[in-house]
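If you want the building blocks of each chain, they are given just below.
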Amino acid sequence: MTDQPLFAHRHSHSAASPGAESTVSPARIVARDVRRNLPTWEELVPAGTPVELEVGSGKGLFLQQAAGANPHHFYLGLELAAKFANRAAQRLHRHGLSNALVLCADARVFLNQVVPSASVHAVHVYFPDPWWRNKHKKRRVLNEESIQHIWRVLLPGGNFHFWTDVLDYYEHVCQMVIDQTAFAGPHFVPQRHALHSMDYTTHFERRARQQNQPVYRALFVKPAGEETTDGA
Ligand SMILES: C[S@@+](CC[C@H](N)C(=O)[O-])C[C@H]1O[C@@H](n2cnc3c(N)ncnc32)[C@H](O)[C@@H]1O
């Protein structure tokens, strides 16, 4: 499999139209890999369209469902593992979604260097790896710096969604958010009844719920009058 994108799920790109997609074999779809060569924000997102960002998209179930349900929003997914980013890109291709794009990217770098301040309507982080062991903590996608960037990139009134099935980690991240930002929250998010076997927000939510594990869901909101872009 090549690192070069065969298909970029870009809003205004001609290859993104459902008709054009059908000529490319789904197995040959790969996500654009920007780990070494960062793009600009303007080349990725359609001007004038509300943007939602997902950090750690895995196999892309959230991007698929959200982009299908909200055709007037643009969804940008960031996934570090090429294997999963490709699976997510194939999923978006299969569903003919032109308002979602998944990149193979380190979300920490991407947030720091690509995403402009006050540019996104929502940031979604579902089931990030908790990396509890000391020597692995540096791999965490949610750390003090990335939380500051999530605060910075959200528009006033924007939402930060954070879900996990690890209670200690839930409490740890919520405390970091409270300590470092002026987000309102965490607000409680009720569990939605699944109407069919794939009716979950993400694959990890599906797995947790099918194993009867609790899921901890936090919604943080950037106050509407909050114009500051660099921290609380
Ligand atoms: C436990 S999985 C959860 C996947 C998906 N959100 C879900 O709920 O099904 C965490 C994902 O985050 C990705 N990830 C870890 N560090 C990342 C980073 N720095 N940037 C982007 N993705 C990252 C991993 O490769 C993995 O696919």
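Every value quoted in this text rests on a predicted model; they were computed, and no experiment measured them.

## Side note on the packing of helix H6 (residues 144–153) against helix H7 (residues 167–180)
Between H6 and H7, the least distance of the axes is 10 Å, while the angle of their chain directions is 60°. Viewed along their axes, H6 and H7 adopt a mutual orientation that is oblique. Crossing geometry of H6 relative to H7 is assigned as right-handed. Mapping the contact onto sequence places Glu144, Ile147 and Gln148 in H6 and Met176, Val177 and Gln180 in H7. Of the residues in the contact of H6 with H7, the class split is three nonpolar, two polar and one charged.

## Remarks on the sheet that holds strand E6 (residues 154–164)
By way of backbone hydrogen bonds, the strands of a sheet pair with one another, either parallel or antiparallel. The mixed open sheet is built from eight strands, whose spatial order is E1-E4-E3-E2-E5-E6-E8-E7. Either end of the sheet is taken by a strand with one partner, and the two such strands are strand E1 (32–33) and strand E7 (184–188). Examined bridge by bridge, E6 and strand E8 (residues 216–221) share six bridges and lie antiparallel to one another. Pairing of Phe162 across the sheet is with Ala218, part of E8. Across the face of the sheet, helix H3 (residues 61–69) comes into contact with strand E2 (51–55), strand E3 (74–79), strand E4 (100–104) and strand E5 (120–126) while running at roughly 175° to E3. Where helix H4 (residues 82–94) meets the sheet, it contacts E1, E3 and E4, and its direction lies at approximately 165° from that of E4.

## Concerning the nonpolar core
Counting 58 residues, the largest nonpolar core has Leu63, Val102 and Val123 as its most contacted members. Residues within four places of Val102 in sequence aside, it is in contact with Ala31, Ser57, Gly60, Leu63, Gly77, Glu79, Ala85, Ala88, Ala89 and Leu92.

## Concerning helix H8 (residues 203–210)
The complete set of buried residues in H8 reads Phe204, Glu205 and Ala208. Buried residues of H8, seen end-on, are gathered within an arc of 100° and therefore sit on one face of the element. Residues of H8 that are buried in the fold lie against E5 and E6.

## Here's the deal with unusual backbone geometry
With omega at 10°, the peptide bond leading from Gly185 into Pro186 counts as cis. Structurally, Pro186 is set in strand E7. The phi dihedral of Trp131 falls on the positive side, at around 45°, and the residue is not glycine. Along the chain, the position of Trp131 falls in the loop between E5 and H6. One non-glycine residue, Asn212, lies in the positive phi region at around 60°. As for its position among the elements, Asn212 is in the loop between H8 and E8.

## Points about the site of the ligand
The ligand sits among 19 residues. The nearest are Gly56, Gly58, Ala107, Thr202 and Phe204. Only E3, helix H5 (107–113) and H8 provide two or more residues apiece to the shell around the ligand.

## Examining the pairing of E2
In terms of burial, E2 is largely enclosed, as five of its five residues are buried. In E2, alternate side chains face the same way, and those of Val51, Leu53 and Val55 on one face and Glu52 and Glu54 on the other are all buried. In the sheet, E2 pairs with E3 via five bridges, with the strands oriented parallel. Following the sheet pairing, Leu53 is matched in E3 by Leu76. Direction of pairing for E2 relative to E5: parallel, over a ladder of four bridges. For Leu53, the partnering residue across the bridge sits in E5 and is Val123.

## A word on H4
Its 13 residues place the ends of H4 18 Å apart at the C-alpha level, agreeing with the 18 Å of an ideal helix rising 1.5 Å per residue. Restricting attention to buried positions, one finds in H4 the residues Phe84, Ala85, Asn86, Ala88, Ala89, Gln90, Arg91, Leu92 and His93. Two residues or fewer after H4 comes Gly96, characterised by a positive phi angle close to 65°.

Each value, and the rule that gives it
- Residues numbered from 1 in each chain as written.
- Predicted model: local features only at pLDDT ≥ 70, side-chain atom pairs only at ≥ 80, totals over all residues.
- Axes fitted to C-alpha atoms, helices over the stretch in contact; angles between N-to-C directions.
- Helix = DSSP H or I, 4+ residues; strand = E, 2+ residues; numbered from the N terminus.
- Parallel < 35°, antiparallel > 145°, perpendicular 65-115°, else oblique.
- Left-handed = near helix turned anticlockwise from the far one by under 90°.
- Contact = placed C-beta atoms within 7 Å.
- Nonpolar A, V, L, I, M, F, W, Y, C, P; charged D, E, K, R; others polar.
- Pairing = 2+ DSSP bridges.
- Core = buried A, V, L, I, M, F, W, Y, C linked by C-beta atoms within 7 Å.
- Buried ≥ 20, exposed ≤ 12 C-beta atoms within 10 Å, placed from the backbone.
- Arc of directions from axis to C-beta.
- Near = placed C-beta within 6 Å.
- Expected span 1.5 Å × (residues − 1).

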